[in-house]
Each structure stands twice: as C-alpha cells, then as structure tokens.
Number of protein chains: 2
Amino acid sequence: MSTASKTRHKYEIVAAGIRATIADSLGPNDALPSERELMEIYNVSRMTVRAAIARLADEGLVYNVHGSGTYVGSPDLFAKAPKLTSFTEDMVSRGYAPSSRVLEVSRVAAVAAVATRLGLTPGEECTKIRRLRLADGNPMALETVYLPGGVLPMEEFDAKSSLYGQLTDRGYEIHRAEQEIHAVTLDEESSGLLAVPLGSAALEIDRVAADRRGHPVEYARTIYRGDRYSFQMAVSRESGDK
Amino acid sequence: MSTASKTRHKYEIVAAGIRATIADSLGPNDALPSERELMEIYNVSRMTVRAAIARLADEGLVYNVHGSGTYVGSPDLFAKAPKLTSFTEDMVSRGYAPSSRVLEVSRVAAVAAVATRLGLTPGEECTKIRRLRLADGNPMALETVYLPGGVLPMEEFDAKSSLYGQLTDRGYEIHRAEQEIHAVTLDEESSGLLAVPLGSAALEIDRVAADRRGHPVEYARTIYRGDRYSFQMAVSRESGDK
DNA sequence: AAGTGGTCTAGACCACCGC
DNA sequence: CGGTGGTCTAGACCACTTC
C-alpha cells in the first residue's frame, strides 16, 4: 500500500515481488512458494497470483510443473521470446551505441513487392527511407524502409529521431510483425557501404510490421553484416493446438 | 454439441467453436460476439471464454481492443509465434518430403563449446550425429547434433526414426530452445555436400534445446542452403514489462 | 494421502471506446 | 452513456507429482 507508485495492477505488483525474491534468494530450478502461499503473502486471490506467474513464465523467468510446483528457469535460457524491436532498441540491448546515416528519403510509387506487403495497390504513394545503421560508429546494417504515404509523408520524416517514435506520435502503434530471414551474398554497393569484402555473407531480415488491428504500417528490409550480427531467439514447443 | 469428442477442457471446446465460427462466417477485422454473449452461447463462465480467446489471440487468429471488442486478425498475419520444430516437422509444414543421409554417428568427448551449451564438463561423453537433410530428395541442410551421453548413447540411436521421437520415448521431452541465427559462407566440404558453389551464403542455426526443467537435451548446428531456405517468424511488441 | 498447478464458476468493479 | 474488454475475488473440483 505504501510504496506503490508506478504499478497499477495487482498482478504487476505480485510479479515484481516475485522477481525481487528470485533475484535476492533463489537460484535456477529452485521452487517458488506455492500459489496458495503467494496468495497469503501478497493478500490477493489465486487468479491474481496466476496472472503474475503467467507473465513471468512467458518471459522464461520461471516454469510450471503440473502437480509439483513453479520453479526458477535456467539463467542461460532467460532470453525472452523474440521481441519486436527497432534497430536502436536492439543495439542498445546488445550494448552498442547506435547511430545512423541517412542515404535516401524519397517519395516512390509502390512496386508490386512493396504494395503486396503493405496492402496497397501498385503505384500508390510510399515514403522510402534508406539508412546505413552503425553500432559504435561502425557499419552494422543497411536498412530500407517503406511506409504508406498516409502513414508518414516524406516531408515529415525527422532523420534525427526514432522512426518508431514518430509513428507512435502519429497514431500508428506497431504491435506485431512478420519477419523472414535469409542468407544473402553482398553485392558491390552493399559491401562497400557495410565495409566488408564483396561476396561476404549477410543476414537479410524482411519485416512487415502492423498495428493492433493488423493494418500494415511498415515494410523494412535490413541487411546485417554476417560477421558482426546474429539473431537470437527463444522458442517453445506447442504454441499451436495439439 | 454434436461432433465434440477429443477435446477435454471446456476452453478448448469454446476455442474450437470460435475457430469454426470464424471459418464459416467471419472475415478479417470482423467483430466476434462479445465475451458475455459467448458465455451464454457456450454456457460457460467468462473466465473460460477468456481462456479460449487468449489461446486464439496467441496464435494471431484474433486480437482484442480494450473497450471495443474482439476481432478477427488479418489472414496474412496468421503465421504463429515461432514454434520449436524438428527438421522433419519443418519440412512437412513447408510441403516438402523430408529425408536424411546419416554421415556420422560417434561417441566424442565434449569440447568446450559443446560442453558449455549442454551444461557438461569438458571431456564428458557425448553422442554426435551428423546428417545431410534432404527435401524432396535435394540437399537442404547439414545438421550436426550433440547429445549428452546419458541422454542417448550412440549405440541406441536409430537412424531410421525421428530423433525427437526417440528422445521423447526415453523421457526427454523437449520443451523450449534458444536459437542463434548467423549468415555464413560455405567451405569446400559443406558446399559439396549441399551441392552449391563454394562460397555460397547459408543460414546457420545453432540451437540448444532443453526439457521443461531447463536441462539441456540437445545442441544442434544446422546449416541451411541460402538459396532454398528462409526462416519465418511472427513477433509482437511488449512481451516484457513496459 | 497430501500438496501442487490446471480448470472452472458466479459474481464484482474498473478503464476504455463509441455514440 | 451503455457496451466492451481488463482485472479481481472467493470459493470449488480435477489432474498430476511426490511420498
């Protein structure tokens, strides 16, 4: 009751408390207090305890064993389910200082590949932004972003601030995305910009990002240097039915 | 009421019913009946309705808008959260006929890189299995799997049946995994086996798979032909707190 | 048999959306 | 303002693990 402040929901308070308990006094595979004990500790109902635990389990911090208990996960498996992040967020979480060099900002007519992905009709107006992305000042990736003209006209793009921030400010909150990851061989222009030898292997990530309602907001093609970047993710079995 | 049979939990029955309703008569962005209506339709409590909807939302089939309703997602974004699949399952879902050629089955001492990932001490005994993986008879990937000796001694590996199936039979059910995806350039041996030119780009996926308790069960390094394979996934924002 | 997580009920109030 | 999803309560029984 007293120190509460930024948290609003009870299950967030419980989740934060459990997190703290784990950090303070529990190690991998140690058992958490049972759900019924947690009810008393935090003075909440069982459903609230379970909501908190479900959140932590989603992150991989804990796991449940039916009939036995809830346990702390292994530290090396803490890596969360893949999150949808901007380049900037991604680099910061990896410990790099991100920066950018804008190569191109233009208004273009959507070609078929772009139109399909953004749900436009070919020829419709798009904003195209091409940037060289740097980490600690060294080239890391080459990014080409297409946005429907209505989402962000080229004149209003501010090269100095975060694209995702600008989209959010304009009412386009990105919620989920589909990504496709390829291995590619760099051509002359790309390898030059990324400062690696011609023919080097690189990771190409194509992403269509959409808002909560499923309307496409962004189509981005990013080519990452194969020697500096790898993509990490945690996956779990099931997920679908059966 | 009529065709129900294999489902055990009410929320699964409700989820199946909603799925059928969507398939029959709803399109993208159409609204589902409200949760309170669904309670009456299926004669269950609200929590059960919400459990069913949560399941469908996880899959991307529907999405919720607070204060407004629950809606059918966009078909092109149906692709689920990345699942943990075996090569065989992956190929089948892509419409290929998978097969394998075993290149090596041996007992080896864990080198540091393998020991670390499997939670062993360097020098401990491992089973190493190297296979060329084919799709529709053509080389698709080159897979090297390391298993702790206690999990599956090399003598007991059956080259003809699924590795995941054998692990499950022995009580090691794989539950989650961490993957790291790199772009690599193929060396002479790999490009020969995969039947592509020397120096071609390829996707290397390193995976440590663990059981429900977080104990590592498998470390696999798979090199996929860059010209035939791409890795697809859906990601969503948030996931962690804030 | 005792204890655990998994499912389920029948209520309640809150926060948000759209008219 | 009414309707919607989001959170929450205080119970209950079931399925599973552990002893």
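Because the structure is predicted, anything quoted here is derived from the model rather than measured.

Cut-offs used in this document
- Residues numbered from 1 in each chain as written.
- Chains lettered and ligands numbered in written order.
- Predicted model: local features only at pLDDT ≥ 70, side-chain atom pairs only at ≥ 80, totals over all residues.
- Heavy atoms only, no water.
- Salt bridge = Lys/Arg side-chain N within 4 Å of Asp/Glu carboxyl O.
- Helix = DSSP H or I, 4+ residues; strand = E, 2+ residues; numbered from the N terminus.
- Buried < 20%, exposed > 50% of the residue type's maximum accessible area, 1.4 Å probe, protein only.
- Contact = heavy atoms within 4.5 Å.
- Buried area = accessible area lost by both parts, 1.4 Å probe.
- Polar contact = N/O pair within 3.5 Å; in protein donor to acceptor, adjacent residues only side chain to side chain.
- Nonpolar A, V, L, I, M, F, W, Y, C, P; charged D, E, K, R; others polar.
- Pairing = 2+ DSSP bridges.
- Least-squares fit on C-alpha atoms with pLDDT ≥ 70 in both.
- Near = heavy atom within 4 Å.
- Axes fitted to C-alpha atoms, helices over the stretch in contact; angles between N-to-C directions.

Caption draft 1: Focus on the pattern of salt bridges. Summed over all chains, the structure comprises 26 salt bridges over all chains. E143 of chain A serves as the salt-bridge partner of R131 of chain A, at 3.0 Å between the closest nitrogen and oxygen. With R131 of chain A in strand β4 (residues 125-135) and E143 of chain A in strand β5 (residues 138-148), this residue pair connects regions lying 12 residues apart in the sequence. With respect to burial, R131 of chain A and E143 of chain A carry one shared label: buried. Residue E35 of chain B is joined to R50 of chain B by a salt bridge in which the shortest nitrogen-to-oxygen separation is 3.0 Å. On the criterion of sequence distance, the pair formed by E35 of chain B in helix α2 (residues 35-42) and R50 of chain B in helix α3 (residues 46-59) is long-range, its members being 15 residues apart. One continuous salt-bridge network, built from bridges that share partners, spans E35, R46 and R50 of chain A.

Caption draft 2: Structural detail: the interface of chain A and chain B. Counting residues at the interface gives 55 residues for chain A, matched by 55 residues for chain B. Summed over both partners, the interface of chain A with chain B buries about 5000 Å², with 50% contributed by carbon and sulfur atoms. One can count 0 salt bridges joining chain A with chain B. At the surface where chain A touches chain B, the tally comes to 6 residue pairs in polar contact (both at pLDDT 80 or more). Listing elements by their share of the side of chain A that touches chain B, those giving two or more residues are α3 (46-59), β1 (62-65), β6 (174-185), β7 (201-211) and β9 (231-236) of chain A. Counting residues per element, the side of chain A that touches chain B draws most heavily on β6 of chain A, at 12 residues. When grouped by side-chain class, the residues that make up the side of chain A that touches chain B number 23 nonpolar, 18 polar and 14 charged. With 6 bridges joining them, β9 of chain A and strand β6 (residues 176-185) of chain B adopt antiparallel strand pairing. From the neighbouring strand, V235 of chain A faces β6 of chain B, where its bridge partner is A177 of chain B.

Caption draft 3: Layout of the relation of the copies chain A and chain B. Between the two copies, chain A and chain B, the superposition gives an RMSD of 0.2 Å; the rotation angle is 180° and the shift along the axis is 0.0 Å. Both copies are brought into coincidence by an operation consistent with a two-fold rotation axis. Interface overlap between copies is the fraction of interface residues in one copy that are interface residues in the other; for chain A against chain B it reaches 100%, indicating a shared surface.

Caption draft 4: Here's a closer look at the environment of L32 of chain B. All names here are of chain B. Inspection of the secondary structure puts L32 in the loop between α1 (10-25) and α2. On the basis of relative accessibility, which here comes to 10%, the residue L32 falls in the buried class. Ignoring anything within four residues of it in the chain, the contact list for L32 reads I18, I22, L26, V62, T70 and V72.

Caption draft 5: The protein's contact with DNA strand D, seen in detail. Within the structure, DNA strand D sits among 24 residues, and K10, Y11, S45 and T48 of chain A together with G67 of chain B are positioned closest to it. Considering the 4 Å shell around the protein, atoms of DNA strand D inside it are sugar or phosphate in 62% of instances. Here a phosphate oxygen of DNA strand D sits 2.8 Å away from a polar atom, N or O, in the side chain of Y11 of chain A. Separating a phosphate oxygen of DNA strand D from a backbone N or O atom of E35 of chain B is a distance of 2.9 Å. Elements with a minimum of two residues in the surface near DNA strand D: α1 (10-25) and α3 of chain A together with α2, α3, β1 (62-65) and β2 (69-72) of chain B. It is α3 of chain A that provides the largest number of residues to the surface near DNA strand D, a total of 3 residues. Tallied by class, the residues present in the surface near DNA strand D amount to 4 nonpolar, 13 polar and 7 charged.

Caption draft 6: Examining the sheet that holds strand β3 (residues 98-109) of chain B more closely. Taking strand neighbours across the sheet as the criterion, the 7 strands line up as β9(A)-β6(B)-β7(B)-β8(B)-β5(B)-β4(B)-β3(B) in an open arrangement whose pairing is antiparallel. Two strands close off the open sheet at either side, each with one partner strand: β9 of chain A together with β3 of chain B. In this sheet, neighbouring strand axes are inclined to one another by 20° on average, regardless of whether the strands run parallel or antiparallel. Relative to the sheet, helix α4 (residues 87-94) of chain B contacts β3, β4 (125-135), β5 (138-148) and β8 (216-225) of chain B, its axis offset from that of β3 of chain B by approximately 165°.

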